[in-house]
Amino acid sequence: MTTQIQSPTEFQASNLPPLPEPLPRPVTDSHTHADSTEQFSGLGVALNLDLAASVGVSRIVQVGCDVASSEFAVNLAARDPRVVAAVAIHPNEAARAGDDLDAMLLRIEELASSGPHVRAVGETGLDHYRTRDEAGQGLQVNSFAGHIEIAHTYDKTLVIHDRDAHLPVLQVLDEVGVPARVVMHCFSGDATFARECLDRGAWLSFPGVVTFSSANDLRDALEVVPRDRLLVETDAPYLTPVPTRGKPNAPYLLPHTVRFIAKQWRMDLAQLCDQLTANTEAAFGGPWGTA
C-alpha cells in the first residue's frame with residue numbers, strides 16, 4: 001500500500017524528489033493527473049497543489065481519462081480556483097469500451113457542459129502504441145470524432161493525446177473540423193510534425209521528456225515553435241524531468257522543464273514564465289484563479 005503524504009513534514013520525510021528553486025514568476029501545469037499522482041506516489045491532492053504553488057506553479061489543468069477521473073476533475077475544479085478541468089475518454093479506454101462507448105461519451109458531454117470550471121475536452125485522440133488491433137483503433141477514431149464534436153458544441157479546448165499516430169490524428173482532425181482551440185498534449189513529434197500542428201492553430205505542450213538527452217527530435221521541434229504557441233506540462237505522475245528522472249512526477253517539478261526551455265531558447269526566465277502564463281490562458285479560454 002502506498003504511504004499517504006498529506007503534510008509538509010511527511011513530504012520532507014518521503015522519498016519524493018525535493019522542491020526545486022522557485023520560479024521568478026508563476027506558470028501553469030497545462031496537463032496533470034492529481035488523482036493518479038496520489039495513487040502512484042501517495043502525494044495528497046491538496047498538498048500536491050500547495051507544493052506546486054510554493055515554487056511558482058500556481059495553477060493546473062486536471063485531466064480526466066475516463067468517466068470516473070473526469071468526474072474527479074470536475075469536482076476538484078469546482079472547489080479549488082487554482083484548477084480547471086478537462087474531461088474525456090482516453091483513446092486506450094475507448095478501445096476497450098465496446099458497446100459502452102456511446103453512453104460514456106454522453107456522460108463526458110454532460111460533464112463538459114457543467115460549468116465554466118470545465119475548460120477542455122481531453123485527453124482524447126489516437127494511440128497506436130498500446131492499441132494495435134483494427135477494431136480497437138476504429139473505436140478510438142469514433143471516440144476522437146465524438147470528442148471533437150463536443151469541443152465544437154460547447155466551445156471547449158480540445159486536448160489531443162497522440163502516440164505513434166501523428167498522421168491519423170491530423171486526418172481525423174481535418175475531417176471532423178479543427179476546433180477554435182487545440183492543444184497537442186505531451187508533444188512527441190519532430191519539427192516537421194510540429195509545423196503541421198502549428199498550421200492548424202495548435203498549441204504544443206512540452207513535457208519533461210524535452211530534458212532527456214535522447215530527445216533530439218523533440219528539441220528540434222521546440223526550435224520551430226513560436227513563442228506564443230508553447231505550453232508546458234508534467235503529465236504527472238509520469239515523465240519526470242531531469243535531474244529527477246526516474247522519480248515520481250508532480251507539478252512542483254515543472255520548474256525544471258521551464259528552466260531547461262529558457263536555456264534552450266536563450267530567453268530570460270521571468271519573461272518565459274510570463275509568456276507561458278499568457279499562452280495557457282489563451283489556450284484554455286481565459287484566466288482562472290490567481291496567476
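See above for the structure.
Sequence order as written defines residue numbering, which begins from 1 separately in each chain. In keeping with the model being predicted, local features are shown solely for residues with a pLDDT of at least 70 and side-chain atom pairs are shown and tallied solely at 80 or more, while totals for entire chains, interfaces and linings include all residues. Calculation of side-chain values draws on the structure's entire complement of heavy atoms; hydrogens and water are dropped beforehand.

**A closer look at the packing of helix α11 (residues 254-265) against helix α12 (residues 269-283)**
- Each axis is a line fitted through C-alpha atoms, taken for helices only over the stretch in contact, and angles between the N-to-C directions span 0 to 180 degrees. Here a helix means four or more residues in a row that DSSP labels H or I, a strand means two or more in a row labelled E, and each is numbered from the N terminus. Following both chains from N to C, one finds α11 and α12 inclined at 110°, their axes separated by 10 Å at the closest point. The orientation of α11 relative to α12 falls into the category roughly perpendicular. You can see that α11 and α12 cross each other, and the crossing is right-handed. On α12, the residues touching Val 258, Arg 259, Ile 261, Ala 262 and Trp 265 of α11 are Leu 269, Leu 272, Cys 273 and Leu 276.
- Residues belonging to the contact of α11 with α12 are distributed by class as follows: 8 nonpolar, no polar and 1 charged. Note on terminology: angles under 35 degrees are roughly parallel, angles over 145 are roughly antiparallel, angles of 65 to 115 are roughly perpendicular, and the others are oblique. For any pair of crossing helices, the crossing counts as left-handed if the nearer helix is rotated counterclockwise from the farther one by less than a right angle, and right-handed if it is rotated clockwise. Residue contacts follow a heavy-atom distance rule, with two residues in contact if any of their heavy atoms lie within 4.5 Å. Polar here means any residue outside two lists: the nonpolar Ala, Val, Leu, Ile, Met, Phe, Trp, Tyr, Cys and Pro, and the charged Asp, Glu, Lys and Arg; Gly therefore counts as polar.

**Description of the side chain of Lys 156**
- Among the secondary structure elements, Lys 156 is positioned in the loop between α7 (134-154) and β5 (157-163).
- The cut-offs for exposure are 20% and 50% of the maximum accessible area for each residue type, with area from a 1.4 Å probe on protein chains only; residues under the lower value are buried, those over the upper are exposed, and the others partly exposed. By the counting rule applied here, Lys and Arg register as positive and Asp and Glu as negative, while His and the ends of each chain are not counted. Whenever Lys or Arg places a side-chain nitrogen within 4 Å of a carboxyl oxygen from Asp or Glu, that contact is recorded as a salt bridge. Among buried charged residues, Lys 156 stands out as having no salt bridge; its nearest opposite-charge side chain is Asp 155, 7.8 Å away.

**Notes on the sheet that holds strand β3 (residues 83-87)**
- Strands are treated as partners if at least two bridges between them are detected by DSSP. Read from one edge of the open sheet, 8 strands run β1-β2-β3-β4-β5-β6-β7-β8, paired in parallel fashion. In the strand order of this sheet, the two ends are held by β1 (27-32) and β8 (230-232), each with one partner. Put simply, the sheet's adjacent strands are angled 30° from each other on average, direction ignored.
- Most of the contacts of α7 go to strand β4 (residues 118-127), to which it runs at about 160°, and overall it touches β3, β4 and β5.

**Topic: the layout of surface pockets**
- Two kinds of site are reported from a 1 Å grid over the protein atoms alone, namely cavities, where a 1.4 Å probe fits but cannot get out, and pockets, open sets with protein on both sides within 12 Å along at least five of seven lines, and residues are called lining when an atom falls within 4 Å of a point. Grid points are joined across faces, edges and corners, and a volume is the space filled by probe spheres set on the points. Empty space within the largest pocket amounts to approximately 980 Å³.
- Lining of the largest pocket is provided by 37 residues; of these, His 90, His 161, Arg 163, Asp 235 and Tyr 238 occupy positions nearest its centre.
- Looking at the lining of the largest pocket, the elements with two or more residues in it are α2 (34-41), α5 (91-95), β4, β5 and α10 (216-224).
- With 4 residues, the single largest contributor to the lining of the largest pocket is α2.
- The class makeup of the residues in the lining of the largest pocket is 12 nonpolar, 13 polar and 12 charged.

**Quick look at the packing of aromatic side chains**
- Each Phe, Tyr or Trp ring, with Trp reduced to its six-membered ring, pairs with another whose centre is within 6.5 Å; inter-plane angles below 30 degrees give stacked pairs, above 60 give edge-to-face pairs, and intermediate values give tilted ones. This structure, assessed with the given rule, holds 4 aromatic pairs.
- An aromatic cluster is present here, built from Phe 187, Phe 193 and Phe 206 joined pairwise through their rings.
- Criterion for a charge above a ring: Arg CZ or Lys NZ at most 6 Å from the ring centre, at most 35 degrees from the ring normal. Taking NZ or CZ as reference, Arg 59 lies 4.3 Å from the ring centre of Trp 288, over its face.
- A cation sits over an aromatic face here: Arg 245 above Phe 212, 3.6 Å from the ring centre.

**Digging into the pattern of salt bridges**
- For the coordinates displayed, the defined rule picks out 10 salt bridges.
- In this structure, Glu 93 engages Arg 96 in a salt bridge whose closest nitrogen and oxygen atoms are separated by 2.8 Å.
- Among the residues examined, Glu 93 registers a relative accessible area of 29% and is labelled partly exposed.
- Put simply, Glu 110 and Arg 107 hold a salt bridge, and the shortest N to O gap is 2.9 Å. Of this pair, Glu 110 and Arg 107 both sit in helix α6 (residues 101-112), separated by 3 residues, roughly a single helical turn.
- Take Glu 110: its relative accessible area is 47%, and that puts it in the partly exposed class.
- One network of salt bridges, in which partners are shared, links Asp 50, Asp 80 and Arg 82.

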